[in-house]
Amino acid sequence: EAGVAQSPRYKIIEKRQSVAFWCNPISGHATLYWYQQILGQGPKLLIQFQNNGVVDDSQLPKDRFSAERLKGVDSTLKIQPAKLEDSAVYLCASSPPASGGNTGELFFGEGSRLTVL
Amino acid sequence: AQSVTQPDIHITVSEGASLELRCNYSYGATPYLFWYVQSPGQGLQLLLKYFSGDTLVQGIKGFEAEFKRSQSSFNLRKPSVHWSDAAEYFCAVGALNTDKLIFGTGTRLQVFP
C-alpha cells in the first residue's frame, strides 16, 4: 500500500514569495490534515479536511495560508506571501474512515521542509 | 485547556539500557493517548495508543506505555534500547469522537553504542 506522498521535499524561498505544497493521501482515506512543525516543537494542526470539506481551519493563518482539496483526494497548501516565521516542515497526514470516533492512526507523509530567507 | 507536556527535551542512553520517556497531559474529557516516533527526515509513525481497558499497552518495536489517570501521565518505556531507536518521540492526546490530536513538543532520543 502506497503511503502519503508529499512534494516538494525541500523548498527555499525569500520572504514575500509564494510557495505551494502538494499532498496525495493514502487511497480511501477520507480525512486529510496539514500540520506545521516548527523546529523544536510538536506538529500543530493547520487544517483538516473530511473528503473535500473543511472540518477545522481555526489554526490556519488565513491572511497568507490557503488550502484546498478538490475532488476529495489530493490537496494543496499555499503560502502567499511567506514570512520568515513560516520556516517549518509541513506535514500531510491522512486517516481512514472511522466508525465510532477517533482511531488515532494518522498516517504521515515525509513532510515538505520550507526555508524562508 | 488541552495540552501535552514532555518534560525532557533530549535524552541520551547507552545501547541496551532501559528507557522511559515522560508525558503528562491536561484534558477535560476522557483522553485518547498516543505515542508517535519520527526518524530524521521521516514522517511520524504510530508506536502505540491507549483508548480504554488495560492501562499498560504494548506497541511496535518493543515499546510499551502505561496510562496513570491519577498522575495524568502516559510514559513510554522500553527495557533495552537499540541504536535504531534514536529518533524524536511525540506524545499526543485526542478526544472521543474527534480526529484532532494535540502533540507535545517531543523528546529527542540519542543512543550511544
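Quick note: structure is the one above.
Below you will find a few notes about this structure. What you see is a predicted model; the values in this text were computed from it and never measured.

Moving on, we come to the sheet that holds strand 7 (residues 65-68) of chain A. Residues and elements named next belong to chain A. Strand order in the open sheet formed by 4 strands is 1-3-8-7, and the pairing between neighbours is antiparallel. Of all strands in the sheet, those bounded by a partner on one side alone are strand 1 (5-7) and strand 7. Looking at each pair of strands side by side, their axes are set apart by 15° on average, direction ignored. As judged from the 5 bridges shared by strand 3 (residues 19-24) and strand 8 (residues 75-79), these two strands associate in the antiparallel manner. What sits directly across from W22, in strand 8, is T76.

Here we take up the state of the cysteines. Disulfide: a covalent bond formed between the sulfur atoms of two cysteine residues. Following the criterion strictly, the structure yields 2 disulfides over all chains and no others. For C23(A), the disulfide goes to C92(A), at an S-S distance of 1.9 Å. Around the S-S axis, the bridge from C23(A) to C92(A) shows a dihedral of about -70° and counts as left-handed. Within this pair, whereas C23(A) is found in strand 3, its partner C92(A) is found in strand 9 (residues 88-95), the two being separated by 69 residues in sequence. Note on C23(A): relative accessible area 0%, which makes it buried. Between the sulfur atoms of C23(B) and its disulfide partner C91(B) the distance amounts to 2.0 Å. An S-S torsion of about -65° defines the bridge between C23(B) and C91(B) as left-handed.

To continue, consider the pattern of salt bridges. All names here are of chain B. Scanning the model with the defined rule gives 8 salt bridges over all chains in all. For D8, the salt bridge goes to R22, with nearest N and O atoms at 2.9 Å. Residue D8 is found in the loop between strand 1 (3-5) and strand 2 (10-14), and its partner R22 is found in the loop between strand 3 (19-21) and strand 4 (24-26); the two are separated by 14 residues along the sequence. Given the relative accessible area of 38%, R22 is considered partly exposed.

Centre-to-centre distance and the angle between the planes together describe a pair of aromatic rings. Tallied over the full model, the rule gives 15 aromatic pairs over all chains. An aromatic cluster is present here, built from Y33(A), Y35(A), F108(A), Y36(B), F90(B) and F103(B) joined pairwise through their rings.

Glancing now at the environment of G62(B). Residues and elements named next belong to chain B. You can see G62 is positioned in the loop between strand 7 (56-58) and strand 8 (64-68). Look at G62 and you get partly exposed, because its relative accessible area is 44%. In sequence terms G62 and K78 are 16 residues apart; their C-alpha atoms lie 6.4 Å from each other. If near-sequence neighbours (up to four positions away) are discounted, G62 is found in contact with R77, K78 and P79.

Conventions we followed
- Residue numbering note: each chain is counted from 1, following its sequence as written.
- The naming scheme follows written order: chains are lettered A onward, ligands numbered 1 onward.
- With the structure being a predicted model, the display of local features is reserved for residues of pLDDT at least 70 and the display and counting of side-chain atom pairs for 80 or more, all residues being used for whole-chain, interface and lining totals.
- Based on all heavy atoms of the structure, the side-chain values leave hydrogens and waters out of the count.
- Being paired, for any two strands, means DSSP has found at least two bridges between them.
- Where helices and strands are cited, they refer to DSSP runs of H or I of at least four residues and of E of at least two residues respectively, numbered from the N terminus.
- Axis lines are fitted to C-alpha atoms, over the contacting stretch for helices. Their N-to-C directions set the angle, which ranges from 0 to 180 degrees.
- Pairs of cysteine sulfur atoms within 2.5 Å are identified as disulfides in what follows.
- Categorising residues by exposure relies on relative accessible area from a 1.4 Å probe, with only protein chains included: less than 20% of the type maximum marks a residue as buried, more than 50% marks it as exposed, and the intermediate range marks it as partly exposed.
- Salt bridges are identified by distance alone: a Lys or Arg side-chain nitrogen within 4 Å of an Asp or Glu carboxyl oxygen.
- The criterion for an aromatic pair is that two Phe, Tyr or Trp rings (for Trp, the six-membered ring) have centres within 6.5 Å, with stacked assigned to planes under 30 degrees apart, edge-to-face to planes over 60 apart and tilted to the rest.
- Pairs of residues are marked as contacts when any of their non-hydrogen atoms sit within 4.5 Å.

Such coordinate-based values are descriptive only and should not be taken to indicate function.
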